[in-house]
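What follows is the residue order along each chain.
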Amino acid sequence: MERKEFLKLTMALAGASVVPATLLNSCKKTSYSGPSNVNFTIDLTNSTYASLNSVGGSYTNPIGVIVICTAANTWVALSNSCTHEGCAINYSASASQLICPCHSGKFSTTGAVISGPPPSALTSYKVSKTGNTLTITS
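Residues numbered from 1 in each chain as written. Predicted model: local features only at pLDDT ≥ 70, side-chain atom pairs only at ≥ 80, totals over all residues. Heavy atoms only, no water.

K.L.:
Would you explain the state of the cysteines in this entry?
P.N.:
Joining two cysteines, a disulfide is a covalent bond between their sulfur atoms. On inspection of all chains with the given rule, the structure shows one disulfide. Across the disulfide, C87 is cross-linked to C102 (sulfur-sulfur distance 2.0 Å). One quick way to see it: the torsion about the S-S bond of C87 and C102 is about -105°, and its sign makes the bridge left-handed. Taken as a pair, C87 in the loop between β4 (74–79) and β5 (90–92) and C102 in the loop between β6 (97–99) and β7 (106–107) lie far apart in primary sequence, 15 residues in all. What makes C102 partly exposed here is its relative accessible area of 39%. Free cysteine C82: the closest other cysteine sulfur is in C100, separated by 3.8 Å. (Disulfide = S-S within 2.5 Å. Helix = DSSP H or I, 4+ residues; strand = E, 2+ residues; numbered from the N terminus. Buried < 20%, exposed > 50% of the residue type's maximum accessible area, 1.4 Å probe, protein only.)

K.L.:
What am I meant to see in the confidence of the model for the protein chain here?
P.N.:
Close reading of the predicted structure is inappropriate where its pLDDT is low. In this model, the protein chain carries an average pLDDT of 87, and 79% of its residues clear a pLDDT of 70 or more. Low confidence marks residues 16–26, where pLDDT is under 50. Its contacts with residues over four positions away, or in another chain, come to one contact. (pLDDT = per-residue confidence, 0-100. Contact = heavy atoms within 4.5 Å.)

K.L.:
What should I look at first to understand the packing of aromatic side chains in this one?
P.N.:
In this description, a pair of aromatic rings is defined by centroid distance and the angle of the planes. Per the counting criterion, the structure on display carries one aromatic pair. Centre to centre, the rings of Y49 and Y59 are 4.9 Å apart; their planes meet at 90°, and the pair counts as edge-to-face. With Y49 in the loop between β1 (39–43) and β2 (58–60) and Y59 in strand β2, the pair connects residues that are ten residues apart, well separated along the chain. For the pair formed by Y49 and Y59, the shared burial category is buried. (Phe/Tyr/Trp six-rings, centres within 6.5 Å; stacked < 30°, edge-to-face > 60°.)

K.L.:
Would you take a moment to explain the sheet that holds strand β9 (residues 124–130) for this structure?
P.N.:
Each strand in a sheet pairs with another by means of backbone hydrogen bonds, the pair being arranged parallel or else antiparallel. The sheet built from six strands is open, its strands ordered β1-β10-β9-β4-β3-β2 with antiparallel pairing. Looking along the sheet, the strands with just one partner apiece sit at the ends: β1 and β2. Recorded for the sheet is a direction-independent mean angle of 25° between the axes of neighbouring strands. (Pairing = 2+ DSSP bridges. Axes fitted to C-alpha atoms, helices over the stretch in contact; angles between N-to-C directions.)

What follows is the structure in structure tokens.
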């Protein structure tokens, strides 16, 4: 075997060994879930949460829970982390969907996967209303 052929073969084998490792690491099979032990309240009269008084309004709290007003006097609370790679998702009121900006995963307002790479639904939380206060719990 000539030196030139040997180098071509060596480079081809080296390149072929990198490709499978790259593919295996590109999309891990880990499923991200939302925060656990969730327990917080929202005062709907507070201007910080004014958007929750209108259908399509949403608020994301610092612990990673998004609360959405889906209908008059109806709210849902979901994890704000995509189950694919943990990216923070955005709510589109016009589409009534939660969309992951990292890989275009889409979720319904129930947290169910609509399309894309997410392996599972978003974690959902209980929402109850007493007076002007929403309570969100695990």
